[in-house]
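Below are the chains, spelled out letter by letter.
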Amino acid sequence: MSSSKLVNIIFGIAFMVLLYVIIFYALKIMYKDIKTGGKRRLTSVKGNYGIEVLKSGDNSNLQEGTMLLLRGPITIGRKEGNTVQLTDQYASGHHAKLVVKNNELYIEDLNSTNGVFVNEEKIDQIAKLKANDKIRIGSIVFKVIKSDKK
């Protein structure tokens, strides 16, 4: 057997092994995507925040007792494209924004006409929220909920 034939066989075997390794990792990734439904696993945080509708006021699209979990920033207002779209005449197009930063919940008034009230006090720009705080936007009232369950 000549040396060139031996080199061709070794490179052929190495190529096949590399090909099988690539196919194995591709199948492993596809299996994980199928298993998790294509969703990325989020790093767990100590507390999960949500808001509950205490009073729906003039908002025909929200019912009292509805709970919304905060999985990312939530915008509230009358315009389409907001996470929570209100029909209240006293709500601005882009009224407020809820954000979780460093496991703390904040609400930001987006320069609304009638303001955002936390526990019946009008806020300036941004305010830190805690469990059981009441948020009033127009005639709707939300309650902040925090769960320490993972």
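Fair warning: this is a prediction, and the values are worked out from it, not measured in the lab.

Next up on the list: the environment of Ile76. When you line up the elements, Ile76 lands in strand E3 (residues 74–77). C-alpha of Ile76 to C-alpha of Leu110: the two residues are 34 residues apart in sequence and 9.4 Å apart in space.

The subject of this paragraph is the sheet that holds strand E11 (residues 140–147). Strand order in the open sheet formed by 6 strands is E2-E1-E11-E10-E7-E8, with antiparallel pairing between adjacent strands. Two strands in the sheet have a free side with no partner beyond their single neighbour: strand E2 (67–69) and strand E8 (121–122). Inspection of the sheet shows strand E1 (residues 48–55) paired to E2 by 3 bridges, in the antiparallel sense. Residue Glu52 lies in a different strand from E2, and its bridge partner there is Met67.

A word on the environment of Asp133. On the secondary structure map, Asp133 appears in the loop between strand E9 (126–129) and strand E10 (134–137). Taking relative accessible area as the criterion, Asp133 reaches 5% and is therefore assigned buried. Each C-alpha atom of the pair Asp133 and Tyr31 lies 43 Å from the other, and the pair is 102 residues apart in sequence. Setting aside residues up to four positions removed in sequence, Asp133 forms contacts with Val118, Asn119, Lys128, Phe142, Lys143 and Val144. At 2.9 Å, the side chain of Asp133 and the backbone nitrogen of Lys130 are in polar contact.

A few words now on the environment of Val99. The residue Val99 is located in strand E5 (residues 96–101) in this model. Between the C-alpha atoms of Val99 and Leu70, which are 29 residues apart in sequence, the distance is 8.1 Å. In contact with Val99, other than residues within four places in its own chain, are Pro73, Glu104, Leu105 and Tyr106.

Conventions adopted
Residues numbered from 1 in each chain as written. Predicted model: local features only at pLDDT ≥ 70, side-chain atom pairs only at ≥ 80, totals over all residues. Heavy atoms only, no water. Helix = DSSP H or I, 4+ residues; strand = E, 2+ residues; numbered from the N terminus. Pairing = 2+ DSSP bridges. Buried < 20%, exposed > 50% of the residue type's maximum accessible area, 1.4 Å probe, protein only. Contact = heavy atoms within 4.5 Å. Polar contact = N/O pair within 3.5 Å; in protein donor to acceptor, adjacent residues only side chain to side chain.

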